Amino acid sequence: MALFRRKKENIYVNKNAKRNSIHKINKFFDIINIFIFSVVLLGISTSLVVLERPTISEIENRKLAEFPKYNKESLISGTYTDSIASFFNDTVPFRNNFKNFAATIRSYLGIQMDGIKMYTVDHKKSDSFNPKTIPLPQDFSITKVTTQIPLPPQDTTQITTTTPPLETAPPIVEDPNDGGELSNNIMIYKNRGIPIYYGSLENGQVYAAYVNAYKADLGEAVNVYSMVCPTAISFYWPSYSTISHGSEPENLENIRNNLNGVQDVNVHDTLMEHKNEYIYSRTDHHWQALGAYYAAKKFAEQCNLPFADIRTYDKVVIPGYVGTLYGYSGDADLNNNPEDFTYYKPKNQYTTTYYNTAFQNPYQGNLLMDAVGSALYLTFLGGDEKITHIQTDAPNERTLAIIKDSYGNALVPFLTGSFKNIYVVDMRYFDLNSINFLRERGVTDLLFAMNTFSATGSNFQNIERIRIQ
Amino acid sequence: MVFSSLFFLYFFLPICLICYFAFKNITYRNIVLIVFSLIFYAWGEPVWISLLIFSATIDYVNGLIINKFRDRLGSKIALASSLILNLGLLFVFKYSDFIINNINIVFKTDIPPPNFTLPIGISFYTFQTLSYSIDCYWGKVKIQKNYFNFLMYVSLFPQLVAGPIVRYSVIENEIYFRKSDYQSISKGITRIIVGLSKKVIIANNLSTIVDTFFKGDISELPVLTTWYTVIMYSMQVYFDFSGYSDMAIGLGHIFGFNFDENFKHPFICKDVTEFWQRWHISLGSFFRDYLLYLPIFGKRIQVLNLFLVWFCTGLWHGASWNYIIWGLYFGIFIFIESTIGKKKMKKIPLIIRHFYSKIIIIIGFGIFFFEDFSRLLDFFKNIIGLNRNALIDDALKVSFLNNLYLIIIAILLCLPILDGIKALKNKSRIITFFGNATAFTFKIVLLFTSSVMLVDATNNPFLYFRF
């Protein structure tokens, strides 16, 4: 009995000892937990306050949030304090490294099916990514031009449009792409970003109606061309995929059938012949200069104008290019597989003059600029928010106007040998009446050049806006 | 300000903790909490802080009146004024547009809606202050005579803007006596990291899946893709909201408060009634305690009370018909289950009960998601194949495989696996040591991963902020 009692006491003592030691281990880790996380919290907090904060993000092509300026109104409305938090969250030191690391983490969330990945882009966010204009380098000399080009009349309200606003055009379908030049959804297939096209046939018909109105206004004296450029989806979409998307060739055919007096420049078929060449960027939503070259060649041939072979240009290759699609998708594979950005410098003589969107404040500059980072596409004309005039040594008196989105920018260097004067207008950033402008500039040829997303999404509405404004 | 932001985690919180632990005296600590709570609330919406203080002041004063005129007319008037003013605030700021828009539709009038912006957290703090007044009236809690103590309860930033709805009775004693010992602080840290990870790593990534398929036109979405997306959405809401609650409870632990749990693995429920005993527990118990058993329709027709509760539950979530339908939808199934009775329900094979409850709950989240009726109709057509859409397409396969590990982890974390592991923790010294070491390593990795992903996330408010 005594033995039994002693055994019981021993078990009790052992249990107590075990409980005590477990308690000590738990206590040790609780204290370690508190100590380490206090150090981590204070360490990170101090670093975030002390370390230098970046002001721009090259990956996203945007200026990061700035520390807000204080005023009473913004304090009361809450925007001041909100902006401080935004500044703190947006300008984390080593931001790009962290973003790249986050992309790598995301790539481990699952596996790929036949090399395909899908991303949904928040367009509200991506709008702010969109690089509109390249800032001029500080050492860039601006020559003010005051006499070469006659400025438009001051009274810009004079509108000589003869065709009334197109009220009878088919109703515009809400843009499934949420505006802009690419869609909400991006597929990554074999290290290539492919914005998924959803453009509507109805919008394609409205686009054609808008372009037709220019021909009606400008009459027989002006040749009007429509070049709606297909995008990577027409060439690199995995054929077996049943992921829902729109058909660019179908809508291009639809547009072609609805043009009236306007010549269609079918670059889809031309580019298809060269699909195995490097005509589209893998990491950017734009085409490469080589794609634009084939499109420009097709256009020049249609105009019966001379066209310089690409071998006569100076070829410039910039390696390590990671374009906009990485900024939008954050896909690690795009970031880890950069590509070359190639462009071609024309050798003929030309001068380039830039104006603001009201065709004022001219200054001379380079046609091809020194862009950097993921904004290399800004090499062409340095962006969109401007009007550009190129005067060339082409042996004719033809004046071309290009009404375009950013796809049109890459065409321009290849047309410097074909037209005496080229005016480049971005339909989204133009403050004048376009018909007046085209007449005053003595335009003989008018080219609408934009990608399918712009022509059948929502950007095309600007074509009519600038015609009747 | 949101918990899941670098600004909160690495600026606001450290300063708040330093100030809090700089004092040992509970009164000073309470003052620190009031100051930081008001700064927290006022950070993005300084104007609406007046509403918060107004609501707190009303219920503080009403509490005093109820106490002074106990069992007399004065206490009834005070309670009525608390009900009218708190619900009035909610009515004006949350529901006025909804009601006026519906009046305009029904009576073809053209009354302009006032377009108030919804003050953050109004649905939570009005219910908290209301619960205090009712509890005072019922004599369940002692009157708080110190205004600042009461203001601290109402404005306490861990639970201020997105719950849980903490009753005054829960922290009544902790206002005066609470201990932030190493155990509670360590527990709090763990809980905050778990909550942050649930939100940033799981919920935010699930939300990109949901956006991919549900953001645009869903009329052509294949049947299985619709099911897949609504399942992802159900889990997104769970991880988002329970992640916030975890962070709130964790912060509470650090400051020495013990808030009640708000979620208890709701997806393991065997029927709809049980789901609501595990989901947003603080809201369910609020309606159960303050509305369900009130003899509004008389004791014999309690079924009307039940539907009133579910109507209110739906309406509480948002000023839109889909939320009301969502609430009543659950009310119907809970009514059916209560009519069948617990004993008979238990006789139904477990697998069928699980299957039935998950289907009902997941479809419920579809109703919750689509505020637009035509899209909701498309959703219903899709899930039963009435839109003649394909059964499946590559987009589903791609999305599923691209997020395979995320989905597996999310499903596993819906189950009480971690609780099971925790229960093993103190079995032996070795298990305790390695268990603690593993948990510690995981926490470091999770905090680092969440912080990196926060750098990448420009906008990630909690879903329940809008309620």
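The structure this text deals with has already been given above.
Because the structure is predicted, anything quoted here is derived from the model rather than measured. (Residues numbered from 1 in each chain as written. Chains lettered and ligands numbered in written order. Predicted model: local features only at pLDDT ≥ 70, side-chain atom pairs only at ≥ 80, totals over all residues.)

A. Fine view of the overall build of chain B. The secondary structure content of chain B amounts to 21 helices and 0 strands. For a compact globule of 467 residues, the expected C-alpha radius of gyration is about 23 Å, and chain B comes in at 23 Å, within 12% of that figure. Counting all 467 residues of chain B, 46% fall into the buried class. Sequence separation of 24 or more characterises 73% of the internal contacts of chain B that already satisfy a separation of 6 or more. (Helix = DSSP H or I, 4+ residues; strand = E, 2+ residues; numbered from the N terminus. Rg over C-alpha atoms; globule rule 2.2 N^0.38 Å. Buried ≥ 20, exposed ≤ 12 C-beta atoms within 10 Å, placed from the backbone. Contact = placed C-beta atoms within 7 Å.)

B. Spatial organisation of the sheet that holds strand S3 (residues 116-120) of chain A. All names here are of chain A. If you trace the 3 strands from one edge of the open sheet to the other, you get S3-S5-S6, paired in antiparallel fashion. Each edge of the sheet is formed by a strand with only one pairing partner; in this case those strands are S3 and strand S6 (192-195). For this sheet, the mean angle separating the axes of adjacent strands, direction not counted, is 25°. With 4 bridges joining them, strand S5 (residues 185-189) and S6 adopt antiparallel strand pairing. From the neighbouring strand, methionine 187 faces S6, where its bridge partner is isoleucine 194. (Pairing = 2+ DSSP bridges. Axes fitted to C-alpha atoms, helices over the stretch in contact; angles between N-to-C directions.)

C. Region of interest: the interface of chain B and chain A. Contacts between the two partners involve 51 residues from chain B, matched on the other side by 52 residues from chain A. Mapped onto the side of chain B that touches chain A, the elements with two or more residues apiece are helix H1 (6-21), helix H9 (182-214), helix H18 (394-402), helix H19 (404-414) and helix H21 (429-456) of chain B. Looking at the side of chain B that touches chain A, the element that brings in the most residues is H21 of chain B, giving 11 residues. Class assignment of the residues belonging to the side of chain B that touches chain A gives a composition of 24 nonpolar, 17 polar and 10 charged. (Nonpolar A, V, L, I, M, F, W, Y, C, P; charged D, E, K, R; others polar.)

D. Spatial organisation of the packing of helix H6 (residues 201-218) of chain A against helix H8 (residues 248-258) of chain A. Residue and element names in this part refer to chain A. Interaxial distance between H6 and H8 falls to 8 Å at its minimum, and their mutual angle equals 35°. When you trace H6 past H8, the crossing you get is right-handed. Between H6 and H8, the residues in contact are Leu201, Gly204, Gln205, Tyr207 and Ala208 and Asn251, Asn254, Ile255 and Asn258, respectively. Of the residues that constitute the contact of H6 with H8, the class distribution is 4 nonpolar, 5 polar and no charged. (Left-handed = near helix turned anticlockwise from the far one by under 90°.)

E. Local environment of unusual backbone geometry. Residue and element names in this part refer to chain A. Look at phenylalanine 94: it is not a glycine, yet its phi comes out positive at around 60°. On the secondary structure map, phenylalanine 94 appears in the loop between helix H3 (79-90) and helix H4 (95-107). The exposure class of phenylalanine 94 is partly exposed, given the 15 C-beta atoms found within 10 Å.

F. Highlighting the nonpolar core. Formed by 234 residues in total, the largest nonpolar core has its most connected members in Met227, Ile402, Leu411 and Leu446 of chain A. If one sorts the elements of this core by residue count, helix H10 (residues 223-255) of chain B sits on top with 17 residues. Leaving out residues up to four positions away in the same chain, leucine 446 of chain A has contacts with Tyr214, Leu218, Val222, Val224, Tyr225, Ala401, Ile403 and Leu438 of chain A. (Core = buried A, V, L, I, M, F, W, Y, C linked by C-beta atoms within 7 Å.)

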